[in-house]
Amino acid sequence: MSVTQEQVLKALAQVRDPDLDRDIVSLGFIKDLQIGDDEVSFSIQLTTPACPVRDQMKEQAAEAVRALPGVRRVNVTMTSQVRASVSQQAGSSLIPTIKNAIAIASGKGGVGKSTVSANLALALAATGAKVGIMDADVYGPSIPTILGTTEMPELTDEQRIIPVQRSGVAVVSMAFFMKPDEAVIWRGPMLHKTVQQFLGGVEWGQLDYLIVDLPPGTGDVQLSLCQSIPLAGAVIVSTPQDVALNVAQKAIVMFKKLNTPILGIIENMSEYVCPHCGAREEIFGSGGARQTAERLGIPFLGEIPLATAVRQTSDAGTPIVLSAPDSAAAKAFTTVAENLAAQVSIRAMQGEQVKVTF
Amino acid sequence: MADTQVPTPVEIGRANLFDIKVTWQDGHESIYPARHLRLNCPCAGCVDEVTGQRRMAAASVPEDVKPLGIQLVGRYAISIQWSDGHNTGIYAFEMLRKMCPCCRPQTSDNRPQ
């Protein structure tokens, strides 16, 4: 084949990553470019396996190269390497093997934060990312129930916690350490210790994303988390109701004070579609979260419909992204997970990291 | 990328054996004399959270106090380990920028502004 590497790269430079707003050659995505007699092959290394535009990018890249004179066949492989949001300065991090810790927050309880956290974690893991979930909702830890895990974590020889594995997600929860009829009635210092223990005292291993399910509101656990580690960012879950959104804004203000990027808002319990007659009902309103996101200038990650099946599958420990992946709700979770991964990638590329050279 | 309101450093390091240098995202450079930073420790043991009154006497801090280590606290602050053993202060970036000696005049008794 008479086509040259330069020609191929020039053709590929026409393909842009819409989220990172640069062409894929200058982004360094093109790897293993080989020009054989019969075929041009290369791989595109994305910044996340959950990239929402991976299929379009693959097709655009293949087309661009196929259009070159003399090219007969094009073979494109998609790979990914997740970039860490904050530099894990050696020796100083509680979680050196975790690339991106993402807090899932809400202003008030009852908006479905834990169901959203669990399904997002599973959706990210389903794309091939290495994911963990830390259930930091010490007052009402529901992640093990939602995920349907009944195992207890084991300890390493050094008394470090080994997370329980469920469908590709590593899980640690306060619920593992409590009986069902026990309550956590603690003050700040105990909560702080627990947060640190769930971060630094767990064998998380190499993770692309750690989803941290927070208690509702703006209290000790949120503060401890933001003090203990540099978060990639926070996601706010809200229902469409004005009341919920007003309270959600308080969580946003808190994270901004703590210099934690807001990765976006998710509108949960959005429109209800009757499975019998198809009638649509906006039980908690609709569109409010998108408007709030626009007004505050933060990304809107998507809407999750209000569906009985979401609640049923959470109660049953068979989360909807696993048990009914073709349902509207499961697809919505997948879309939100992709948008979230894109936002994390965007921040990681901006590389705002404070260097301590002391 | 300013979707947070907090002034953010790019680098925190030494100006010399005693003083700390912070280079900010907007290009500004702040140099904090060690004793001044130590005397303005914002921890609850050093300053009354309600009244803002200093709770520790300047005389209790050695003249040659210096920082031995600095860690990031989340994404919004640093903590400093001092040579006199004190280490509970969390110095938020916002507070540090407000305290920048070249930007604000210090009062003679080193009270926080």
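Values in this document were obtained by computation on a predicted structure and should not be read as measured data.

Turning our eyes to something else, we now look at the overall build of chain A. Secondary structure summary: chain A contains 11 helices and 17 strands in total. Radius of gyration (C-alpha) of chain A: 22 Å, near the 21 Å computed for a compact globule of 358 residues. Projected onto its principal axes, the C-alpha positions of chain A cover 75 × 60 × 40 Å. Among the 358 residues that make up chain A, the fraction classed as buried is 48%. The long-range fraction of contacts in chain A, counting pairs at least 24 apart against all pairs at least 6 apart in sequence, stands at 76%.

On domain assignment, one finds that chain A holds domain 1 (5-80) and domain 2 (98-350). Computed from C-alpha coordinates alone, the two centres of domain 1 of chain A and domain 2 of chain A are separated by 34 Å.

Residues and elements named next belong to chain A. Among the residues of helix H1 (residues 5-12), those classed as buried are Val8, Ala11 and Leu12. Down the axis of H1, the buried side of the element spans an arc of 100 degrees, and every buried residue falls inside it. Check the buried side of H1 and you find it contacts strand S3 (30-35), strand S4 (39-46) and helix H2 (54-66).

All names here are of chain B. If you walk across this open sheet you meet the three strands as S4-S5-S6, and the pairing is antiparallel. This sheet does not close on itself; its edge strands, each paired only once, are strand S4 (67-73) and strand S6 (90-92). Between one strand axis and the next, the sheet turns by 30 degrees as a mean value, whatever way the strands run. Where S4 and strand S5 (residues 77-82) come together, six bridges link them in antiparallel fashion. When the sheet's bridge partners are listed, Ile70 is paired in S5 with Ile80.

Time to look at the interface of chain B and chain A. Bring the parts together and some accessible area is lost; that lost area is often taken as the interface size. Taken together, the contact pairs 21 residues of chain B with 22 residues of chain A. Secondary structure elements with two or more residues in the side of chain B that touches chain A: strand S1 (9-14) and S4 of chain B. Examining the composition of the side of chain B that touches chain A, we find that six residues originate from one element, S1(B), more than from any other. Grouping the constituent residues of the side of chain B that touches chain A by class yields 10 nonpolar, seven polar and four charged. With two bridges joining them, strand S17 (residues 355-356) of chain A and S1(B) adopt parallel strand pairing. Looking across to S1(B), one finds that Lys355(A) is bridged to Glu11(B).

Okay, the environment of Ile185(A) next. Residue and element names in this part refer to chain A. Note on placement: Ile185 falls in the loop between strand S11 (169-173) and helix H5 (188-200). Exposure remark for Ile185: the 7 C-beta atoms within 10 Å place this residue in the exposed category. Along the chain, Ile185 and Tyr139 lie 46 residues apart, while their C-alpha atoms are 7.9 Å from each other.

Turning our attention to the packing of H1(A) against H2(A). All names here are of chain A. Taken N-terminus to C-terminus, the directions of H1 and H2 make an angle of 135 degrees; their axes are 8 Å apart at the nearest point. If you check the angle between H1 and H2, you find them oblique. The interaxial crossing formed by H1 with H2 has right-handed handedness. Residues Val8, Ala11 and Leu12 of H1 lie in contact with H2, whose contacting residues are Ala61, Ala64 and Val65. Grouping the amino acids of the contact of H1 with H2 by side-chain chemistry returns six nonpolar, no polar and no charged.

This paragraph deals with unusual backbone geometry. Residues and elements named next belong to chain A. One non-glycine residue, Ser167, lies in positive phi territory at about 50 degrees. Using a count of 16 C-beta atoms within 10 Å as the deciding quantity, one classes Ser167 as partly exposed. Positive phi values are uncommon outside glycine, yet Asn259 reaches one of about 60 degrees. The class for Asn259 is buried, based on 23 C-beta atoms found within 10 Å.

The subject of this paragraph is the nonpolar core. All names here are of chain A. Among the nonpolar cores identified, the biggest contains 124 residues, and Ile102, Leu124, Val212 and Val235 are the most heavily contacted of them. Among the elements that take part in this core, helix H11 (residues 328-350) stands out by supplying 11 residues, more than any other. Counting only domains with at least three residues in this core, you end up with domain 1 (5-80) and domain 2 (98-350). Non-local contacts of Ile102, meaning those with residues more than four positions away in its chain, are made with Tyr209, Leu210, Ile211, Val212, Ala232, Gly233, Val235, Leu263 and Val344.

Residues three or four positions apart in an α-helix share a direction because the helix packs 3.6 residues into each turn. Residue and element names in this part refer to chain A. Listed in full, the buried residues belonging to helix H8 (residues 288-296) are Gly288, Ala289, Thr292 and Ala293. The arc enclosing the buried residues of H8, seen along the axis, measures out at 135 degrees, which places them on a common side. Seen from the open side of H8, the exposed residues pointing more than 90 degrees away from its buried face are Glu294 and Arg295. Lining the buried residues of H8 we find strand S13 (233-238), helix H7 (242-257), strand S14 (262-273) and strand S16 (300-306). Phi turns positive one or two residues past the end of H8, at Gly297, with a value near 70 degrees.

In space, the four strands of this open sheet follow the order S17(A)-S1(B)-S2(B)-S3(B), with mixed pairing throughout. The sheet is open, and its two edges are formed by S17 of chain A together with strand S3 (29-32) of chain B, each paired on a single side. Relative to strand S2 (residues 20-24) of chain B, S1(B) runs antiparallel, the two being bridged by five bridges. Opposite Glu11(B), over in S2(B), you have Thr23(B) as the bridge partner.

Residue and element names in this part refer to chain A. Burial of S11 is extensive: five of the five residues sit out of reach of the surface. Side chains Val169, Val171 and Ser173 project from S11 onto one buried face, and the interleaved Ala170 and Val172 project onto a second face that is buried too. The pairing of strand S7 (residues 131-135) with S11 spans five bridges and is classified as parallel. Across the sheet, Met134 pairs through a bridge with Val172, a residue of S11. Looking at chain direction, strand S10 (residues 164-166) and S11 are connected through three bridges and run antiparallel. Bridge pairing in S11 places Gln165 opposite Ala170. Where S10 folds back on S11, the antiparallel hairpin that results is connected by two residues, among which Ser167 adopts a positive phi of roughly 50 degrees.

About the criteria used
- Residues numbered from 1 in each chain as written.
- Chains lettered and ligands numbered in written order.
- Predicted model: local features only at pLDDT ≥ 70, side-chain atom pairs only at ≥ 80, totals over all residues.
- Helix = DSSP H or I, 4+ residues; strand = E, 2+ residues; numbered from the N terminus.
- Rg over C-alpha atoms; globule rule 2.2 N^0.38 Å.
- Buried ≥ 20, exposed ≤ 12 C-beta atoms within 10 Å, placed from the backbone.
- Contact = placed C-beta atoms within 7 Å.
- Domains from an automatic or database assignment.
- Arc of directions from axis to C-beta.
- Pairing = 2+ DSSP bridges.
- Axes fitted to C-alpha atoms, helices over the stretch in contact; angles between N-to-C directions.
- Nonpolar A, V, L, I, M, F, W, Y, C, P; charged D, E, K, R; others polar.
- Parallel < 35°, antiparallel > 145°, perpendicular 65-115°, else oblique.
- Left-handed = near helix turned anticlockwise from the far one by under 90°.
- Core = buried A, V, L, I, M, F, W, Y, C linked by C-beta atoms within 7 Å.

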